[in-house]
Amino acid sequence: MTGHNPGMNVTGHTRRSVSIRDVATAAGVSYQTVSRVINDHPSVKPSTRERVLAAIDELGFRRNATALALASGRSRAVTVLTANTTHYGYASILQGIEEAARAESYAVGIGVLESADEAAVATEVRRAADASGGLIVIAYDPPGVKALAAVPADLPVVGVVETPTSPPGGDRPWVWTDDREAAYEATRHLLSLGHETVHYVAIPSSTRRTSARTTGWRQALKEAGAPEPRPVQGRWGPAGGHAAGLKLAQDPQVTAILCGNDDLALGVIRALHETGRAVPGDVSVAGFDDAPHSAYLTPSLTTVRMDFTGLGRSAFALLHGVLEESAPVAPHPVSVPELVARESSGRRRPAGGRPA
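As named in an unreviewed UniProt entry, the protein chain is LacI family transcriptional regulator, taken from Streptomyces bobili.

Written out as structure tokens, the structure reads:
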């Protein structure tokens, strides 16, 4: 299994290579039986062997590393299905998976989910299944959620998911960080500085109408008895934050803004600068994730540190336990987010006065 290759599958004319499972289907046997045939195992009946060899010839199957792995009964390979490889959270999860897998001598392949179309998702899941080994699905968006739901029951899989609304059952090997608690603590921090309320620039809702981060922000406001402004949708990157910041800067009552990620906060701070509103003198800004650049902005960004790399390592550790037939780990939150207070947040300053 390889990552997305811009030169492949663009026109739709590139043919999918024949897998051992295709041979098994054509011959009416299990893929384990096909593996025994191509490795000359003596336990296969002559009639079955002939049927499998005929299917191999007809389909043009070529013996490969997957077949060899099946012959040994174990594939030291993991495929990661994800809709994004560049955003900070996704990329850091991939880094953690790769580091943990390399330490255990596992190979890692990446399948890119290019859309939430059910047929496209099913095709990518099938390719991942054909690659053998285990599967990790980053389910932070509709394509990932659909892919996780479409994984065959007999394929070892771990889901990297948003904070669940309720604890999942033991049959769901999921890992997550507590986004809800992180947003709650960030909002409480801004309120503690004397701000009457906190406005929220949201990342796109990934799996449901209200994200865990939105829920945590809203809970903190409710407990404090603070007004609940309507969230501003900011997309993912700085441009979305800049557009949201220009809108919020028009309201002189806005004195604190929580952003769904650090890239949004970068755009918001730029918009506030352009409109003559000082950070944090006039408006406090907090981000989310603690991306590497956040400590080096001017002012340095208050944010919530999310250990995405550790999340990736934990996802692999959970899958590794299943693949190696050791005791599987129950679904659990992996890390506790940490508030990092820096220069971009400060005490509310009344109009024309000093900080309150």
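1. What to know about the confidence of the model for the protein chain
With 84% of its residues at a pLDDT of 70 or more, the protein chain has an overall mean of 85. In this model, residues 1-15 is a region of pLDDT below 50 whose contacts with residues beyond four sequence positions or in other chains number 17 contacts.

2. Points about helix α10 (residues 238-249)
For α10, with twelve residues, the first-to-last C-alpha span of 16 Å sits near the 16 Å given by 1.5 Å per residue. Buried residues belonging to α10 abut β6 (199-202), β7 (232-233), β8 (256-259) and α11 (262-274).

3. Topic: helix α9 (residues 212-224)
When the terminal C-alpha atoms of α9 are compared, their 19 Å separation across 13 residues agrees well with the 18 Å that a helix rising 1.5 Å per residue should span. Those residues of α9 that are buried are in contact with α8 (179-192), β6, β8 and α12 (308-323). Of the residues trailing α9, G225 is marked for its positive phi of about 70°.

4. Description of the packing of helix α6 (residues 118-130) against helix α7 (residues 142-150)
Remark: α6 packs on α7, axes separated minimally by 9 Å, with the N-to-C direction vectors making an angle of 55°. Accordingly, the angle class assigned to the pair α6 and α7 is oblique. With respect to the hand of their crossing, α6 and α7 are arranged in right-handed fashion. Across the interface between the two elements, E118, V121 and V125 from α6 touch P143, K146, A147 and A150 from α7. Considering only residue class, the contact of α6 with α7 consists of five nonpolar, no polar and two charged.

5. Considering the sheet that holds strand β9 (residues 284-286)
Pairing is parallel across the open sheet formed by four strands, whose spatial order is β7-β6-β8-β9. On the outer flanks of this sheet lie β7 and β9, each paired with one strand and no other. α8 rests against β8 and β9 of the sheet, and its axis sits at about 165° to β8.

6. Thoughts on the environment of L191
Along the chain, the position of L191 falls in helix α8. Separated by 156 residues in the primary sequence, L191 and R347 place their C-alpha atoms 9.1 Å from one another. Here L191 is in contact with E196, T197, V198, A220, L221, A224 and A226, once residues within four sequence places are set aside.

7. Thoughts on the packing of aromatic side chains
Under the definition given, this model contains four aromatic pairs. For the pair Y90 and Y140, a centre-to-centre distance of 5.8 Å together with 80° between the ring planes defines the contact as edge-to-face. With Y90 in helix α5 (residues 88-103) and Y140 in the loop between β3 (134-139) and α7, the pair connects residues that are 50 residues apart, well separated along the chain. The buried category is assigned to Y90, whose relative accessible area is 4%.

8. Some points on the environment of P299
Mapped onto the secondary structure, P299 falls in the loop between β9 and β10 (303-305). Expressed as a C-alpha distance, the spacing of P299 and S345, which sit 46 residues apart in the sequence, is 9.1 Å. If sequence neighbours within four positions are ignored, P299 has contacts with V279, E343 and S344.

9. Remarks on the pattern of salt bridges
Evaluated as defined, the whole model comprises ten salt bridges. We note a salt bridge from R313 to E99, for which the minimum N-O separation is 2.9 Å. In this pair, R313 is assigned in helix α12 and E99 in helix α5, connecting sequence segments 214 residues apart. Judged by its relative accessible area of 38%, R313 is partly exposed. The class for E99 is partly exposed, based on a relative accessible area of 26%. E274 serves as the salt-bridge partner of R270, at 3.0 Å between the closest nitrogen and oxygen. One end of the pair, R270, and the other, E274, are both in helix α11, four residues apart, so they sit about a helical turn from each other. The partly exposed category is assigned to E274, whose relative accessible area is 41%. Taken together, the shared-partner salt bridges in this structure form one network comprising D290, R305, E338 and R342.

Definitions and limits used
Residues numbered from 1 in each chain as written. Predicted model: local features only at pLDDT ≥ 70, side-chain atom pairs only at ≥ 80, totals over all residues. Heavy atoms only, no water. pLDDT = per-residue confidence, 0-100. Contact = heavy atoms within 4.5 Å. Helix = DSSP H or I, 4+ residues; strand = E, 2+ residues; numbered from the N terminus. Expected span 1.5 Å × (residues − 1). Axes fitted to C-alpha atoms, helices over the stretch in contact; angles between N-to-C directions. Parallel < 35°, antiparallel > 145°, perpendicular 65-115°, else oblique. Left-handed = near helix turned anticlockwise from the far one by under 90°. Nonpolar A, V, L, I, M, F, W, Y, C, P; charged D, E, K, R; others polar. Pairing = 2+ DSSP bridges. Phe/Tyr/Trp six-rings, centres within 6.5 Å; stacked < 30°, edge-to-face > 60°. Buried < 20%, exposed > 50% of the residue type's maximum accessible area, 1.4 Å probe, protein only. Salt bridge = Lys/Arg side-chain N within 4 Å of Asp/Glu carboxyl O.

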